[in-house]
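Residue-level structure breakdown
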Amino acid sequence: MRLRRTLGLAFATLAFAGMSATASFTAEAAAAPQVSWGDCKYGHGYPVKHSDGYWYCQGGTYDGQRIYGSTGY
């Protein structure tokens, strides 16, 4: 009886751990892709400030991705 309870608890723990790992992966995948100023320029793009106040990479490898870590120059 004790062995059955222990195995049930172990399986429940693994199930919860799997659900939390899946939830964290889903949250990260849903986040908007962002790049640094250097990555934007290295990818042959250039920073452009949009009307929403954020900077975005225009052209190159990271076209359309938001630039993080700076309020602009």
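Please read all numbers here as calculations on a predicted model, not as lab measurements. (Residues numbered from 1 in each chain as written. Predicted model: local features only at pLDDT ≥ 70, side-chain atom pairs only at ≥ 80, totals over all residues. Heavy atoms only, no water.)

Turning our eyes to something else, we now look at the environment of Lys41. Residue position: Lys41 is located in helix H2 (residues 37–42). By relative accessible area, which is 52% here, Lys41 ends up exposed. Measuring from C-alpha to C-alpha, the distance between Lys41 and Cys57 comes to 8.3 Å, with 16 residues separating the pair along the chain. (Helix = DSSP H or I, 4+ residues; strand = E, 2+ residues; numbered from the N terminus. Buried < 20%, exposed > 50% of the residue type's maximum accessible area, 1.4 Å probe, protein only.)

We now examine the state of the cysteines. Under the defined criterion, the tally for this structure stands at 1 disulfide. Here Cys40 connects covalently by a disulfide to Cys57, the sulfurs 2.1 Å from one another. The sign of the S-S torsion, about 90°, decides the handedness of the disulfide formed by Cys40 and Cys57: right-handed. Of this pair, Cys40 sits in helix H2 while Cys57 sits in strand E3 (residues 55–58), and the two are 17 residues apart along the sequence. Note on Cys40: relative accessible area 0%, which makes it buried. Judged by relative accessible area, Cys57 falls into the buried class, the value being 2%. (Disulfide = S-S within 2.5 Å.)

In this section: the pairing of strand E2 (residues 46–49). For a regular strand, the rule is simple: side chains alternate between the two faces of the sheet. Where E2 lies against E3, 4 bridges are found, and the strand directions are antiparallel. In the strand pairing of E3, Tyr46 is matched with Gln58. (Pairing = 2+ DSSP bridges.)

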